[in-house]
Amino acid sequence: MNIEAYRLYCLSKKGVTESIPFSKLPHVLVFKVKGKMFTATDINTFDSFSIKCEPETIEELRIQYDALEEPSYFSKKHWSRVVIDGSISDKVLYEWLDISYRLVVAKLTKKERLELEHL
C-alpha cells in the first residue's frame, strides 16, 4: 500500500473527510467520518498509520503481527499503529481500515448514521 492508495480508499467511504487539523503537526493527515477520526498518517513518510481497533482483540493482533504496535498519542486500548513494512498484506490493511471506520460509525448518533446511509 502506498499513501495515494491509502488516501483514495479512505475517501471512498461514505461521509469521509480529510484534513490536517493539528497546527503543531502540519504533516499529519487525518480522515474522519462525521467529524470523528478513524485513521491518521504522516504524509511526509507514510511509514505507518493509526487505526481504531476492537479492545477485545487488540492484544491478540499485536502478538500475531509485529507491525501492529501501541500508538504514540492515542489510547492503547482502542488504537494501534500499523507499521508499513511489507509484512502485512494490503488485503489485511484494507480490512483493518474497514474495521476502524465501522467502529467509529457505530459510535455515531442514530441521526448521523441515518445521514450516512443516505449519502
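Structural data are supplied above this passage.
Cut-off values and rules
- Residues numbered from 1 in each chain as written.
- Predicted model: local features only at pLDDT ≥ 70, side-chain atom pairs only at ≥ 80, totals over all residues.
- Heavy atoms only, no water.
- Core = buried A, V, L, I, M, F, W, Y, C linked by side-chain atoms within 4.5 Å.
- Buried < 20%, exposed > 50% of the residue type's maximum accessible area, 1.4 Å probe, protein only.
- Helix = DSSP H or I, 4+ residues; strand = E, 2+ residues; numbered from the N terminus.
- Salt bridge = Lys/Arg side-chain N within 4 Å of Asp/Glu carboxyl O.
- Expected span 1.5 Å × (residues − 1).
- Disulfide = S-S within 2.5 Å.

**Looking at the nonpolar core**
Core analysis: the biggest nonpolar cluster contains 28 residues, and Y6, V33, F38, F49, V82, I88 and W96 have the highest contact counts within it. Elements supplying a minimum of two residues to this core: helix 1 (3-11), strand 2 (28-33), strand 4 (48-52), strand 6 (79-83) and helix 3 (90-106). Among the elements that make up this core, the one with the highest residue count is helix 3 (seven residues).

**Digging into the pattern of salt bridges**
As enumerated under the stated definition, the model contains eight salt bridges in all. Put simply, E59 and R62 hold a salt bridge, and the shortest N to O gap is 3.0 Å. Remark: R62 and E59 occur in helix 2 (residues 58-64); sequence separation between them is three residues, near one turn of the helix. For the salt bridge of R81 with E69, the shortest nitrogen-to-oxygen distance reads 2.5 Å. Of this pair, R81 sits in strand 6 while E69 is found in strand 5 (residues 68-69), placing the two residues twelve residues apart along the sequence. The class of E69 is partly exposed, set by a relative accessible area of 30%. One network of salt bridges, with partners in common, ties together E4, R7 and E18.

**Quick notes on helix 3**
With 17 residues, helix 3 ought to run about 24 Å at 1.5 Å a step, and its terminal C-alpha atoms sit 24 Å apart, in line with that. Restricting attention to buried positions, one finds in helix 3 the residues V92, L93, W96, L97, D98, S100, Y101, V104 and V105.

**Description of the state of the cysteines**
For the structure on display, the rule yields zero disulfides. The closest cysteine sulfur to the non-disulfide-bonded C10 is located on C53, 14 Å from its own sulfur. Of the residues examined, C10 reaches a relative accessible area of 1% and is grouped as buried.

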